[in-house]
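Listed below, chain by chain, are the residues.
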Amino acid sequence: PVERKEELVIVNVLEPKYHEDCAIKGSINVPFENLMAHAEKHWDKEKTHIVLYCGNYACTSSGAGARELKEKGFKHVWAYEGGTAEWKHKGLPVEGTCQSGFLANHEAPEGYAERAAHDADIIISLEDLQKKIDEFATKE
């Protein structure tokens, strides 16, 4: 068997039409309903670092997916709940024309910081995601 090195995958869990419209540059699309089957088939439970995201803070699929992957034994899993909307709003690199209406809703909701602190084992901030991207870029 091929010895796999650690890798970072940034995964948009939205339907393909939303990923095609606007996505974090370099991310892949695995719709939420396909996530577990895809993960079991393609990712190493020990070595793959997985960050799930969706459109914005209103979407709960990234957090739900991250919890489910952890329960299945994946060691390095996080949810970036600001999603495409926050990433684009901060002027970070995206792919697509970015016309979707949900992109306008980029603010964290009331009480979000408390919830994020409660789920600190899986929820990461935009800054945390940038650090992971930089860290893996230097490992190449």
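Preceding this paragraph is the structure being described.
Everything numeric in this text was worked out from a predicted model, so none of it was measured.

A. Structural context of the sheet that holds strand 4 (residues 48-53). Here 5 strands make up an open sheet; going across it, the order is 3-1-4-5-7 and the pairing parallel. Each having just a single partner strand, strand 3 (28-29) and strand 7 (123-124) make up the two edges of the open sheet. Pairing geometry for strand 1 (residues 7-12) and strand 4, over 6 bridges, is parallel. Counterpart to valine 9 in the pairing with strand 4 is isoleucine 50. Packed on one face of the sheet, helix 3 (residues 61-71) meets strand 4 and strand 5 (76-80) and runs near 170 degrees to strand 5.

B. Structural detail: the side chain of threonine 84. Considering the arrangement of structural elements, one finds threonine 84 in helix 4 (residues 83-89). In this structure, threonine 84 is in contact with Asn12, Cys22, Ala23, Tyr53, Cys54, Gly55, Phe102 and Leu103, ignoring residues within four places of it in sequence.

C. Looking closely at the nonpolar core. Judged by nonpolar contacts, the single largest core of 23 residues is most densely connected at Val11, Leu35, Trp43, Ile50, Leu52, Leu69 and Phe74. Among the secondary structure elements, those contributing two or more residues to this core are strand 1, helix 2 (35-42), strand 4, helix 3, strand 5 and helix 5 (112-118). Take this core: its biggest share by element is 3 residues, from helix 2. Apart from the residues lying within four places of it in its own chain, the contact partners of leucine 69 are Leu35, Met36, Ala39, Ile50, Leu52, Phe74 and Val77. Listed in part, the 14 residues of the second largest apolar core include Leu8, Tyr53, Trp87 and Phe136.

D. Seen up close, the pattern of salt bridges. One pass over the full model with this rule turns up 4 salt bridges. As a salt-bridge pair, glutamate 46 and lysine 75 come within 3.8 Å of each other at their nearest N and O atoms. Taken together, the positions of glutamate 46 in the loop between helix 2 and strand 4 and lysine 75 in the loop between helix 3 and strand 5 put the pair 29 residues apart, joining distant regions of the chain. Overall, the relative accessible area of 47% leaves glutamate 46 in the partly exposed class. Here lysine 75 falls in the partly exposed class, since its relative accessible area comes to 47%. We note a salt bridge from arginine 67 to aspartate 119, for which the minimum N-O separation is 2.8 Å. In this pair, arginine 67 is assigned in helix 3 and aspartate 119 in the loop between helix 5 and strand 7, connecting sequence segments 52 residues apart. Relative accessible area serves as the criterion here: at 32%, arginine 67 is assigned to the partly exposed category.

Parameters and conventions
Residues numbered from 1 in each chain as written. Predicted model: local features only at pLDDT ≥ 70, side-chain atom pairs only at ≥ 80, totals over all residues. Heavy atoms only, no water. Pairing = 2+ DSSP bridges. Helix = DSSP H or I, 4+ residues; strand = E, 2+ residues; numbered from the N terminus. Contact = heavy atoms within 4.5 Å. Axes fitted to C-alpha atoms, helices over the stretch in contact; angles between N-to-C directions. Core = buried A, V, L, I, M, F, W, Y, C linked by side-chain atoms within 4.5 Å. Buried < 20%, exposed > 50% of the residue type's maximum accessible area, 1.4 Å probe, protein only. Salt bridge = Lys/Arg side-chain N within 4 Å of Asp/Glu carboxyl O.

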